[in-house]
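For reference, the chains in residue letters:
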Amino acid sequence: MSLNGQIPFVDLVTPHQELEEELVAVFRSTLRTAGFIGGPMVDGFEREFAQFCDTNFCIGVSSGTDALRFALMAAGVEQQSIALTVPNTFIATAEAISQAGARPDFVDVDPATYTMDPDKLRQYLETQCDYDPHIRKTIHKKLCRPVTAVVPVHLYGQMADMDPILELATRYNLTVIEDACQAHGAEYFSRKQNRWFKAGSMGHAAGFSFYPGKNLGACGEAGAVTTNHEQMAAKIRMLRDHGQSKKYYHDIEGYNGRLDALQAGILQVKLKHLSDWNQKRREAASRYKELLSSVDEVGLPFEPTWAKSIFHLYVVAVGERNELLDHLRAENIGQGIHYPVPVHLQKPYQSLGYWEGDFPIAERACRNLLSLPMHPYLSGEEQIRITQVIARFYAAKRTTSVVLSGAR
Ligand SMILES: *Cc1c(COP(=O)(O)O)cnc(C)c1O
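Throughout what follows, the structure given in this document is the object of discussion. (Residues numbered from 1 in each chain as written. Predicted model: local features only at pLDDT ≥ 70, side-chain atom pairs only at ≥ 80, totals over all residues. Heavy atoms only, no water.)

For the coordinates displayed, the defined rule picks out 16 salt bridges. We note a salt bridge from Lys280 to Asp276, for which the minimum N-O separation is 3.1 Å. With Lys280 and Asp276 both in helix H9 (residues 261-292), this residue pair falls four residues apart, about one helical turn. Given the relative accessible area of 35%, Lys280 is considered partly exposed. By relative accessible area, which is 38% here, Asp276 ends up partly exposed. Of the charged contacts, one joins Arg329 and Asp326 as a salt bridge, the two residues approaching to 3.3 Å between their closest N and O atoms. One end of the pair, Arg329, and the other, Asp326, are both in helix H10 (residues 321-330), three residues apart, so they sit about a helical turn from each other. (Salt bridge = Lys/Arg side-chain N within 4 Å of Asp/Glu carboxyl O. Helix = DSSP H or I, 4+ residues; strand = E, 2+ residues; numbered from the N terminus. Buried < 20%, exposed > 50% of the residue type's maximum accessible area, 1.4 Å probe, protein only.)

So, in structure tokens, the structure goes:
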């Protein structure tokens, strides 16, 4: 806790203080070699992050948004086809779909985990689409376009229920691109394969973000794609570098979407601490659980037995959310809303023709969910103070309502 009693939402200062010497050494060696683009730090980080995610390949790119976009493009997602995701995500998931040339469409989330509800996905495919086994294509009946991809989002650090999603994807011949931008190191127990999987290793490819506030963050913008498919990896390497197969020989039109060597070097330093940081977040989450279990008005995050969350965010479902938010702010306690407006109701997607009420679970999440401070350096004392403030807020509400009903 800082001197004025302020409890920050994230602490991006302490890890950089702790690692300052090593990080400065990375910068110094970049300066001395002038190896700013590509080179051994990028190769080294890619190798280490692929290993961390249990995948054959990792391709460093300039952001999580580019990672998702390149993954979709490399998977050959057809122009004008439909790619399905969820409405309660950061808008970049949908942007990546549109910018890869597809049309985003949505299925609602599970009310307990807030990740893609596989039953809703099944309903969408069974009722709104026809599968043609001859051309192995799923066609949306009303929109008359193929559905070619599904992008489940591993939200708040917890993986979506991948077994049934992958099964449906196989049945309907859809590409699965995981949005793992909040899930570096999250795990999923596949009941089907009877083993744990790392985020980023289950779909055809996955996009990761290393935005500074993510569990693994660069000192600037950065991202990566992981995949087990060699051809996808080769295509993504081309897409990130102007479509070059070798210098000045361009096979396709690509982008400037590379990962900076400096950021790769920084990420290499930080990756060594990621498992420990994730573990500290899990410990903070179980302390929250204990401290908040007696406050009935607070719905705690649900971790199914098949999931190991890395708690990118600690998100609770609460009544009178906006009032509690103001109260926390007044008490100098960091807070956030992830996310206040579902993607289908955001201005750029109005043309898709959705209205309020179309995805009720995601919409309710936008009204009820509140993110509490969460980071590896969050102390037990800070959590006691945060949870006391919340408990008192609801205790005061209860007293007021008793007084009011007594006066009637
Ligand atoms: C952060 C994030 C992204 C985008 O990552 P950038 O690196 O900011 O481009 C995409 N999807 C989700 C769910 C995210 O949290």
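Reading across from one edge, E9-E8-E15 is the order of the three strands in this open sheet, with antiparallel pairing throughout. Only two strands of the sheet have a single partner each, and these edge strands are strand E9 (195-198) and strand E15 (307-308). (Pairing = 2+ DSSP bridges.)

This paragraph deals with the site of the ligand. Among the 13 residues in the neighbourhood of the ligand, the closest are listed as Gly64, Thr65, Gln182, Ser209 and Lys214. Contact distances for the ligand include 2.5 Å between an oxygen atom and a side-chain N or O atom of Thr65. The side chain of Ser209 places a nitrogen or oxygen atom 2.6 Å from an oxygen atom of the ligand. Contact with the protein chains removes 93% of the 380 Å² of surface that the ligand exposes when unbound. Counting residues per element, the ones that place at least two in the shell around the ligand are helix H4 (64-74) and helix H5 (92-99). (Near = heavy atom within 4 Å. Polar contact = N/O pair within 3.5 Å; in protein donor to acceptor, adjacent residues only side chain to side chain. Areas by Shrake-Rupley, 256 points an atom, 1.4 Å probe, with all protein chains shown as cover.)

Turning our eyes to something else, we now look at helix H7 (residues 162-171). Of all ten residues making up H7, seven are buried, and the element is well covered by its neighbours. Those residues of H7 not exposed but buried are Met162, Asp163, Pro164, Ile165, Leu166, Leu168 and Ala169. Tucked into the core, H7 has its buried residues touching helix H6 (118-128), strand E6 (145-150), strand E7 (175-179) and strand E8 (187-190). Following H7 by one or two positions, Asn173 has its phi on the positive side, about 55°. (Contact = heavy atoms within 4.5 Å.)

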